[in-house]
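A look at the structure
Here is how the chains run, residue by residue.
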Amino acid sequence: MEERDLIARAKAGERSAMGELYERHARRVYTVIRRLVGDDHLAEDLSQEAWIRAFEKLHLFRGDAAFGTWLYRLATNVALNRLRRSAKRRPVESAAELPRVARAHDDVIVTRRVLTRALDQLPPGYRRVLVLHDVEGWTHNDIAEALGCAPGTSKSQLHKARARMRKLIAPEDSGNGGARGEARL
């Protein structure tokens with residue numbers, strides 16, 4: 001079934017259409033929130049909150065953009081609002097527990113797990129800008145508007161976040177006389 005038909009049926013209150021929209025987008029909603037908050041349990045709670053808000057505000061969806069774009073922006077805003085309210089997020093793991101990245105055939109192999117752990121080690125401001133720009137594809141102007149900062153601040157935070165990520169995922173010793181190898185983001 002076409003998504004626009006599902007949306008129309010969901011706007012009319014049809015639960016099966018709402019369920020289908022949920023099935024199509026739930027994983028991505030959770031993923032974007034998880035990347036922003038760095039905590040599985042909080043991401044689950046915020047995903048539920050995002051879906052509740054999405055269905056409450058579905059009547060406001062005009063179809064100017066894709067439903068997924070509208071939904072992921074709403075989910076991102078739910079996560080950012082929670083992060084603003086919380087003084088400090090719970091650390092998932094300490095930097096000392098970060099695994100070493102293996103090298104094979106002169107290429108650094110970076111697994112999803114290593115990237116997730118490194119992302120969780122970033123300060124919240126760096127993580128938000130990195131996820132919104134590099135993962136979600138937001139512009140610096142959009143990020144600045146969402147976070148209440150200047151576009152230049154977004155650019156600076158992104159530069160610092162990328163540098164920190166490189167350090168977190170770089171192998172301890174690349175075998176080149178002690179020079180550090182770097183994984184490309």
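Details of the structure are given in the entry above.
Residues numbered from 1 in each chain as written. Predicted model: local features only at pLDDT ≥ 70, side-chain atom pairs only at ≥ 80, totals over all residues. Heavy atoms only, no water.

Considering helix α1 (residues 3–11)
How we decide: The buried label goes to any residue with under 20% of its type's maximum accessible area, the exposed label to any with over 50%, and the partly exposed label to all in between, with areas taken from a 1.4 Å probe on protein chains only. Secondary structure elements are defined from DSSP: runs of H or I of at least 4 residues count as helices, runs of E of at least 2 residues count as strands, and each element is numbered from the N terminus. The directions considered for the arc are those from the helix axis to the C-beta atoms. Note on definitions: a residue-residue contact is assigned when non-hydrogen atoms from the two residues lie within 4.5 Å.
For α1, the complete set of buried residues consists of L6, I7 and A10. Down the axis of α1, the buried set is contained in an arc of 100°. They therefore lie on one face. Looking at the packing, one finds that the buried side of α1 touches α2 (15–37) and α4 (67–85). Once α1 ends, the next one or two residues include G13, with phi positive near 95°.

Focus: the environment of R82
Mapped onto the elements of the fold, R82 is located in helix α4. It is 9.6 Å that separates the C-alpha atoms of R82 and L42, two residues lying 40 residues apart in sequence. For R82, the contacting residues outside a window of four places in its chain are L42, L46 and E49.

So, the packing of aromatic side chains
For clarity, the cut-off: When two rings of Phe, Tyr or Trp (its six-membered ring) have centres within 6.5 Å they constitute a pair, described as stacked for plane angles under 30 degrees, edge-to-face for angles over 60, and tilted for the intermediate range. For a lysine, the NZ atom is tested; for an arginine, the CZ atom; a charge sits over a ring if that atom is within 6 Å of the ring centre and within 35 degrees of the ring normal.
In this structure the tally under the stated criterion is five aromatic pairs. Consider the rings of F61 and F67, whose centres lie 5.5 Å apart with planes at 90°: the pair is edge-to-face. As far as the burial class goes, F61 and F67 line up, both buried. Centroid distance F67 to W70: 5.7 Å. Interplanar angle 35°. Geometry classified as tilted. With F67 and W70 both in helix α4, this residue pair falls three residues apart, about one helical turn. Exposure remark for F67: the relative accessible area of 3% places this residue in the buried category. Joined through ring pairs, the aromatic side chains of Y22, W51 and F55 make up one cluster. Directly above the aromatic system of W138 lies the positively charged group of R73, at a separation of 3.8 Å from the ring centroid.

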